[in-house]
Amino acid sequence: MRCLTVLCGVLMLTATGGNAAAQSKGDVKVAIIYNILRFVTFPNNTATLTVCARRQDSLVEGLKSLEGRAVSTRKITVAVYDKIDQAANECDVVYVGYASARTLQKPARGQILIGEDPSFVDQGGTVGLVSFGPQVRFTINARVAQSSGVRFSSQLMQLAAKVIS
Amino acid sequence: MSLEDLLSQEVTTASKKARPIGDSASAIYVINQDNIRRSAARTLTDLLRQVPGLEVFDLSSSGTSVSARGFSSRFASNLLVMVDGAAIYSTSISGMFWDQALMPLQDIERIEVIRGPGGALWGSNSINGVINVITKQSVDTQGLRASGLAGLRDARAELGYGTRLSDELGVRAYGTYRRSQGMKFSDGSNDHASWEGGLGGVRFDYAPTSKDSVVFLSEYSRGGFTQPYKGFAVGPTGVTFPISYVDNDFSSTHILSRWSHTASQSLTLAGQVYFNQLKREELGVLVARDLYDASFEGHWQAGARHEIGFGISGRISRDRIGGNNLFTLMKNNSNVDRIATGYLEDEFSLIPDRLRITLGSKFEHNNFSGSNIQPNARIFYRANDKLSMWAAISRAVRTPLLQERGVKATLETPFPLPGSGTLVPAISTVIGNPESKPEVLDSIEAGLWSSLGRGWIFDVAAFYNRYDDLASINLSSISPLFLAGFPFPVGLQTTAAFGNEAKGRSWGTEILLSGNLAPNWSMEASYSYLDLKIRPKTGFENMASPVITGGLSSHHQLRLKTAVDLDDRFEVSGALHYVSRSLDGLRPAYTDLGLRAEFQATPNIQIALSGSNLLKNKRLEYYQLNIPFPPNYVVRTGQLEIRTRF
């Protein structure tokens, strides 16, 4: 168990009160995505970092809250599409929900794909969010990242539940 | 919240539930994965050296003294050490066999260290603090992870393979091997106290629902080491004190299972059982222990204002000590301790999120020192998001070790004569006292935590402790030592018994400042001060002397730690640690400088070069009179480490 009493992970999701632990699982996923982006080096260093998502996915509203947040020198902008293939090259980050990576195109240069399918990174996704019991962790396909010109820091690699390289 | 905090959680040890450090009413420090990754630590105790206020002294390749707020000693047993919720300290001869804490460092998720009494939640033997090592879940360590370390005096290998067998079930198999050449004597020669050991284990994590999780782990470790022993020999030419070498070995089996359940939004429950078998043969004495422990605890959010924590536990410890007459059990071949405990705590919010009071106590009954109650009261006030304060008053106890209760020890030691310091042979017999009482601590603590902006944190804690019924050795007879063939006495023969004839008081502070000088440049500075006085109750120094004199601790400790990411592949870090001379003046002050550089060769291979104790050839960390071991010196060393993950 991660914490001494194992209560902690549960409390993180259920605690009431004003501290940072009072978050829903969706909020935690969005916070994890935001924090992952801080450890990613993109080949393009434009002023905006565009996060794209499908309208139908439950995480969309949470992702919209990242609008305007800073990642290094870049500011996040969130773009919402009806279909995932509409998420074209202007997206630096594409959140695809539970879509299988097999049904998706390979990430474009400078792009990362984030998904929640349990086999997402095994099937060519860049970053996977995986639930285990009450907690959320992430997995990484460093090979896919490398082929799209994106680099993950060693801190991120260490924190990942799984790294494919 | 950082990514690491999101993935795991904040401090749990202080209140047995998740809570950010700035929201805790205790003196807490957390070693996180980033600290571990950037560290040149070879062992768990090396990692602990960075904790503000903690005293970590290497005695030999097989022994380390780790202590909080004083009481450094090879016999210290007032710091509770847990790995994944299981107490791993020994209650027979001394608190911890630190060299047997062999878990792979790469599998450690975080180490939470509380300075100050933890008795209200954790029970006896957490009188001066709690160290809680939390290892990673198997699902967090998927794939193959390996690290190899080769140093001038040490070598270590760690290996782990984790996989997800299904959406609900993960497993990790892991192992570690370490060897050390030992330390050096004062003249610079090797102490030839080599050490070698390894551990293998398997861990399953099962989460059948989002409300249930189960852990099962099983480990086996074994190893051996050489111990230099300074006895005496009497011959025609007089008395000599030769050093002899004794080969020793150890092994341990550990099986643990824990289930936790979220019954509702407001109620969480957890049950745990573990078995630990420990064997250690040192100087021909076998110390063996079978430990059975079961506990059940819960946390209940009772309305908007009350949070109730509760738990019960039972423990049976069967100890055997024997092999020669150095240490023998006085009564039977084995001794059985039975301990039952319960705790209840109410955290009451007077002003939600701003002011709360925590009242709690542990209740304990055992079959060797009776019942005890360990209450505490804590108050926490958050002035705003950037400033919080806390204060606590606690009573905690340390129940007597088996050695103090029922072991007869006979040691042949060189004894320094008072005044001249001339060594004479002595045969000292120390007899356990079945009437030994628990040591009692009354403690007042206060702390302040402040976020200074731009990621800078200022954290200060202060304490005043009064100890009563501290263990003592009460001299009952002293006589000349006659040996066959010598018409005159060649030394001294003493007999003493354990008692509780000492008391003490201490006060001190621990101050921490940490933050980032630049986005890629972190800095941490800490200073701690300790004043500790322990003395016999009667004032007759020659009849009763404290087992732990307190003299090995230091007034001042200063730590500086910094790390710079030069780019996304190169990083360098350094740590400076000053320890003032020991309170008894026997150990000089020392300053340790450690440097480390890491290069990420490929996305999954890191290579690091590091050195420690760079300012001097060797230093003495621990020195104690009246024990049959020569003082050993920590030496300058360098090492190369390669880590990989597939």
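Everything numeric in this text was worked out from a predicted model, so none of it was measured.

Colleague: Sorry, what's going on with the overall build of chain A here?
Modeller: What chain A contains, in helices and strands, is 5 helices and 10 strands. A burial count over chain A gives 61% of its 165 residues as buried. Pairs at least 24 residues apart make up 52% of the contacts formed inside chain A by residues separated by at least 6 positions. For chain A, the exposed area adds up to about 6,400 Å²; of that, 47% sits on carbon and sulfur atoms.

Colleague: Help me understand a nonpolar patch on the surface, please; the structure alone is not making it clear to me.
Modeller: A cluster of nonpolar residues, L144, L159, Y161 and F646 of chain B, forms a patch on the protein surface that exposes about 400 Å² of accessible area. A residue is classified by how much of its surface remains accessible, and L144 of chain B, at 36% relative accessible area, is partly exposed.

Colleague: In this structure, what is going on with the pairing of strand 16 (residues 267-282) of chain B? I would like to understand it.
Modeller: Moving residue by residue along a regular strand, the side chains alternate between the two faces of the sheet. All names here are of chain B. The pairing of strand 15 (residues 243-264) with strand 16 spans 15 bridges and is antiparallel. Counted as the bridge partner of T253 is Q277 from strand 16. Joining the antiparallel neighbours strand 15 and strand 16 is a turn of 2 residues. Sheet topology places strand 16 next to strand 17 (residues 285-302); 16 bridges connect them, and they run antiparallel.

Colleague: Just to check I follow, could you spell out empty space enclosed by the protein for this structure?
Modeller: Gaps between atoms show up when a probe of the same size as a water molecule is rolled over them. Residue and element names in this part refer to chain B. The final tally for this structure, using the stated rule, is 14 cavities of 30 Å³ or more. Put simply, the largest cavity is a space of about 600 Å³. Forming the boundary of the largest cavity are 40 residues, of which W122, D293, S313, R315 and K362 lie nearest the centre. Put simply, the parts of the chain that give the lining of the largest cavity at least two residues each are strand 4 (79-83), helix 4 (119-122), strand 16, strand 17, strand 18 (306-322), strand 20 (334-351) and strand 21 (355-366). The residue inventory of the lining of the largest cavity, partitioned by class, reads 16 nonpolar, 15 polar and 9 charged.

Colleague: How should I be thinking about the environment of R55 of chain A in this particular structure?
Modeller: Residues and elements named next belong to chain A. As for its position among the elements, R55 is in the loop between strand 2 (48-54) and helix 3 (60-64). As for R55 and A79, which are separated by 24 residues in sequence, their C-alpha atoms are 9.5 Å apart. Once residues within four sequence positions are removed from consideration, R55 is found in contact with V60, V80, Y81 and D82.

Colleague: Whenever I open this one, the state of the cysteines confuses me. Can you help?
Modeller: Two cysteines whose sulfur atoms are joined by a covalent bond form what is called a disulfide. All names here are of chain A. Counted under the stated rule, the structure contains 1 disulfide over all chains. Across the disulfide from C52 sits C91; the S-S distance is 1.9 Å. In this structure the cystine formed by C52 and C91 twists about its S-S bond by roughly -95°; its chirality is therefore left-handed. Of this pair, C52 sits in strand 2 while C91 sits in the loop between strand 4 (74-81) and strand 5 (93-95); the two residues are 39 residues apart in sequence, bridging distant segments of the chain. One exposure class covers both C52 and C91, and it is buried.

Colleague: How do you make sense of the pattern of salt bridges when you look at a structure like this?
Modeller: One side chain can pair with another of opposite charge once the charged atoms of both are near each other. Residue and element names in this part refer to chain B. A complete count under the given rule lists 51 salt bridges over all chains for this structure. Two residues, R356 and D23, come together in a salt bridge whose shortest N-O distance is 3.4 Å. Linking R356 in strand 21 with D23 in the loop between helix 1 (3-7) and strand 1 (27-31), this pair joins segments that are 333 residues apart in sequence. Judged by relative accessible area, which is 8%, R356 ranks as buried.

Colleague: Help me out: how do you make sense of the sheet that holds strand 7 (residues 129-135) of chain B in this one?
Modeller: Strand pairing within a sheet occurs via backbone hydrogen bonds; the two strands may be parallel or antiparallel. Residue and element names in this part refer to chain B. Spatial strand order, 1-6-7-4-5: 5 strands in an open sheet with mixed pairing. What marks the edges here is a single partner per strand, and that holds for strand 1 and strand 5 (86-87). Strand direction decides the pairing type here: strand 1 and strand 6 (residues 108-115), joined by 5 bridges, are antiparallel. The partner of A27 across the bridge, within strand 6, is R115.

Colleague: What should I look at first to understand unusual backbone geometry in this one?
Modeller: Most peptide bonds adopt trans geometry, and most residues besides glycine take a negative phi value. Residues and elements named next belong to chain B. The phi angle at R69 is positive, at roughly 55°, despite the residue not being glycine. Looking at the element boundaries, R69 is found in the loop between strand 3 (63-68) and strand 4. R69 sits in the buried class, given a relative accessible area of 3%. Residue N613 is not a glycine yet carries a positive backbone phi of 55°. Along the chain, N613 turns up in the loop between strand 34 (605-612) and strand 35 (618-620).

The rules we used
- Residues numbered from 1 in each chain as written.
- Chains lettered and ligands numbered in written order.
- Predicted model: local features only at pLDDT ≥ 70, side-chain atom pairs only at ≥ 80, totals over all residues.
- Heavy atoms only, no water.
- Helix = DSSP H or I, 4+ residues; strand = E, 2+ residues; numbered from the N terminus.
- Buried < 20%, exposed > 50% of the residue type's maximum accessible area, 1.4 Å probe, protein only.
- Contact = heavy atoms within 4.5 Å.
- Areas by Shrake-Rupley, 256 points an atom, 1.4 Å probe, with all protein chains shown as cover.
- Patch = residues over 30% accessible without salt bridge, like charges linked within 9 Å, V, L, I, M, F, W, Y side chains within 5 Å.
- Salt bridge = Lys/Arg side-chain N within 4 Å of Asp/Glu carboxyl O.
- Pairing = 2+ DSSP bridges.
- 1 Å grid on protein atoms, 1.4 Å probe; cavity = no way out; pocket = protein on both sides within 12 Å on 5 of 7 lines; lining within 4 Å.
- Points joined across faces, edges and corners; volume = space filled by probe spheres on them.
- Nonpolar A, V, L, I, M, F, W, Y, C, P; charged D, E, K, R; others polar.
- Disulfide = S-S within 2.5 Å.

Function cannot be read off these values alone, since they describe shape.
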